[in-house]
Amino acid sequence: MEKIDTIVIGSGMGGLACSAALARAGQRVLLLEQHYVAGGMTHTFKRKGYVWDVGVHCLGEMDEGCYPRKILDWLTEGRVTMHKYDHVYDSFTFTDGTKIDLPGDREEYFANLKSKFPKEIEGIEAYKTAVNKAAKSGYGHFFSQLLPTVLSRFLTPILAYKFKYWSQLTTKEVVEKCVKTPELRAILTAQWGYYGPPPSKSSFYIHAVTVRHFWYGGFYPVGGAQVFAEEMIKTIEAAGGKVMTRTPVKELLFEDDKVVGVVIANETQTKFYAPVTISAVGARATIKNLLPATAQQTTWAKNILKLKQSPCHVALYLGFQGDIKAAGARASNQWFYESYDMEKTEWNVHDANSIAPILYVSFPSLKDPKHKSEMHTGEVVTFVPYDAFEKWHGTNVRKRGDDYLQFKKDLEERLLNQLFKWMPDLKKYLVFHEFSTPLSTEFYCRAPQGAIYGISPTPERFRTRELRPQTPYKNFYLTGSDVGTLGVVGAMVGGLLTAAKLRPKIWKEFR
Ligand SMILES: Cc1cc2nc3c(=O)[nH]c(=O)nc-3n(C[C@H](O)[C@H](O)[C@H](O)COP(=O)(O)OP(=O)(O)OC[C@H]3O[C@@H](n4cnc5c(N)ncnc54)[C@H](O)[C@@H]3O)c2cc1C
């Protein structure tokens, strides 16, 4: 590249969206990724002809006219097709056999709930209103994030006062105020897995924005999640930019108090210089891995580091041969709950007799209209405590030792058995399985503590003023899901926010 306008570190959805937005504003961006493939949690991987997504099961708000869809179209110049995969996009099954379908029509969903819980009609209405108000309150918050730090100190209390109210309530507080029936409370909060912490710990804002995200159905990218990176890279390259994989950034380069570029962790310690550098690797990883150790002592860093990471997960990647629909597999995501207690979120893997309180089961090949063969894929996700894996932190992939392999094998078998308890007919179609742990997420995506969604969306997280594009360092910015909100669309919005902070004219595209 003759001239680099901006360096972006990390090619997850946040880094890709920020780079593509700057490219559309005429910049030459150098996007650096440590992994051998771009995409971060939207990357895919292959084994024996099967392809799995790492972190994309379901996206909402992709109907024509929705803002997330407009943003995606602008960043990819309309080259990504989003497929609404089924009228029912999620379904919950509880141990007592109760099954709740989530149709991609808000009114139908609430009408179903009202006919099932007729004494709660008013409470359901109150909940619906609360979700709407809380989700909409985010606009003021995001706008205030774009203001210079000093100005935002004065204006945020005015611009984001509604956000402050809703984001500081927990999901449990709001839901318990609206409805009384324990089963209904469980059903209304059962999608907690899409954002991480249980109802007593999550901010009601993240709950509201997540459930509202899916009120008009679930979408899947035609061709699989890798198309996001493939198509945004085309936008970046068309403007003269470049994306380099296998290029881990070791540290930021400073001149006095200004960030002037990055050093690559290779033999020659290659340096790249640019007027602006943006980190899309997550706020915690930025402080711990890219900034000098002294930065950790600043109030800015301390306020970020005291926030918890979101939970971590284990995943089963399954390969099937044959008509898995006959065994109950569907395009819609299936959530299996071992109890109605939504506070039980982690599988206590320390206990050899424990079972996972929740299984999230998804069949990506059934969601993709391009997929024509009988080689189907499945994924099972559940949450685990990081401390069960911590002793192998820092060991190399495939060289973690026999005790790790044994532990992993045991968990894999237990999870498979639990899946076949819920979906016994699937077993005969299974021809391949592989298991990932939080150490895999740490290794492939460099997510600290294997966190599934970056910083945990608690009330404290939304009180923290430091999670915004601007940092205390000149010419250095943050982006991605820790700046926007979690999820693919949250990270994309984070990317756009940072790009718009640098090039405010970008907003004109979305008037
Ligand atoms: C199992 C799972 C299921 C999910 N399901 C959904 C879903 O159905 N719907 C949804 O909306 N969201 C889902 N998500 C969440 C969603 O994928 C993420 O919130 C989002 O993609 C995060 O984007 P990001 O850009 O902020 O971070 P990331 O995707 O984590 O990107 C960070 C990037 O930075 C790179 N990096 C780190 N350090 C360096 C360095 N030093 N040098 C160079 N590169 C570096 C990493 O390799 C990575 O590519 C899921 C996530 C997981 C794990």
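Residues numbered from 1 in each chain as written. Predicted model: local features only at pLDDT ≥ 70, side-chain atom pairs only at ≥ 80, totals over all residues.

Q: How do you make sense of the sheet that holds strand E13 (residues 276–279) when you look at a structure like this?
A: Note on sheets: strands pair through backbone hydrogen bonds, and any given pair is parallel or antiparallel. Taken in spatial order, the five strands make up an open sheet running E9-E2-E1-E13-E19, and their pairing is parallel. Two strands lie at the open edges of the sheet, namely strand E9 (242–244) and strand E19 (476–478), each paired on one side alone. For this sheet, the mean angle separating the axes of adjacent strands, direction not counted, is 20°. In the sheet, strand E1 (residues 6–9) pairs with E13 via four bridges, with the strands oriented parallel. The residue of E13 that forms the bridge with isoleucine 9 is serine 279. Along the sheet face, helix H1 (residues 13–24) touches E1, strand E2 (29–32) and E13 and points at about 170° away from the line of E2. (Pairing = 2+ DSSP bridges. Helix = DSSP H or I, 4+ residues; strand = E, 2+ residues; numbered from the N terminus. Axes fitted to C-alpha atoms, helices over the stretch in contact; angles between N-to-C directions. Contact = placed C-beta atoms within 7 Å.)

Q: I tried to follow the site of the ligand on my own but got confused; where do I start?
A: The ligand sits among 41 residues. The nearest are Gly10, Gly12, Gly14, Gly40 and Gly55. Taken together, the elements giving at least two residues each to the shell around the ligand come down to H1, helix H12 (283–290), strand E14 (312–321) and helix H18 (488–502). Of the residues in the shell around the ligand, the class split is 22 nonpolar, 17 polar and two charged. The residues that make up the shell around the ligand include at least three from each of domain 1 (6–44 + 59–81 + 221–307 + 455–510) and domain 3 (312–450). (Near = placed C-beta within 6 Å. Nonpolar A, V, L, I, M, F, W, Y, C, P; charged D, E, K, R; others polar. Domains from an automatic or database assignment.)

Q: Would you mind showing me how to read the nonpolar core here?
A: Most often, soluble globular proteins keep nonpolar side chains buried together rather than apart. Counting 146 residues, the largest nonpolar core has Ile9, Ala17, Tyr205, Ala208, Met232, Met492 and Leu496 as the members making the most contacts within it. In contact with tyrosine 205, other than residues within four places in its own chain, are Ala134, Ser137, Gly138, Phe163, Trp166, Ser167 and Phe462. (Core = buried A, V, L, I, M, F, W, Y, C linked by C-beta atoms within 7 Å. Buried ≥ 20, exposed ≤ 12 C-beta atoms within 10 Å, placed from the backbone.)

Q: I keep staring at unusual backbone geometry and nothing clicks. Help me out?
A: Across residues other than glycine, the phi torsion is negative in most instances, and most of the peptide bonds are trans. Backbone geometry at glutamine 269 places phi at a positive 50°, although glycine is not the residue there. Relative to the helices and strands, glutamine 269 is located in the loop between strand E11 (258–264) and strand E12 (271–273). The phi angle at glutamine 449 is positive, at roughly 55°, despite the residue not being glycine. One can find glutamine 449 in the loop between helix H16 (438–445) and helix H17 (459–463). A tally of 19 C-beta atoms within 10 Å means that glutamine 449 is categorised as partly exposed.

Q: Help me understand the pairing of strand E10 (residues 249–255) in this model?
A: Working note: regular strand, side chains alternate between the two faces of the sheet. Where E10 meets E11, six bridges bridge the pair, whose relative direction is antiparallel. If you follow glutamate 255 over to E11, its bridge partner there is lysine 258. Here E10 folds back onto E11, and the loop between the two strands holds two residues, one of which, aspartate 256, carries a positive phi near 55°.

Q: Is there a simple way to think about the domain arrangement of the protein chain in this case?
A: It is common to give the size of an interface as the accessible area lost on bringing the parts into contact. By the assigned domains, the protein chain splits into domain 1 (6–44 + 59–81 + 221–307 + 455–510), domain 2 (107–213) and domain 3 (312–450). Summarising the inter-unit geometry, the C-alpha centres of domain 1 and domain 3 are found 28 Å apart. Tallying the contact residues gives twelve residues for domain 1 and nine residues for domain 3.

Q: Honestly, the environment of arginine 330 in this entry has me stumped. Any pointers?
A: Take arginine 330: it is sitting in the loop between E14 and strand E15 (333–337). We classify arginine 330 as partly exposed; it has 17 C-beta atoms within 10 Å. Sequence-wise, arginine 330 and phenylalanine 204 are 126 residues apart; in three dimensions their C-alpha atoms are separated by 30 Å. Residues within four places of arginine 330 in sequence aside, it is in contact with Asp86, Lys325, Phe363 and Leu366.

Q: How do you make sense of H16 when you look at a structure like this?
A: For an α-helix the count is 3.6 residues per turn, leaving residues at separations of three or four pointing the same way. A large share of H16 lies buried, amounting to six of its eight residues. Of the positions making up H16, those classed as buried are Pro438, Leu439, Ser440, Thr441, Glu442 and Cys445. For H16, the elements touching its buried residues are E14, strand E17 (375–384) and strand E18 (430–436).

Q: Explain helix H2 (residues 67–76) here, please?
A: Listed as buried for H2 are Pro68, Ile71, Leu72, Leu75 and Thr76. One side of H2 carries all its buried residues, which in axial view fall inside an arc of 115°. In this structure, the buried residues of H2 make contact with H1, helix H11 (226–238) and H18. Positive phi shows up at glutamate 77, right after H2, with a value of about 50°. (Arc of directions from axis to C-beta.)

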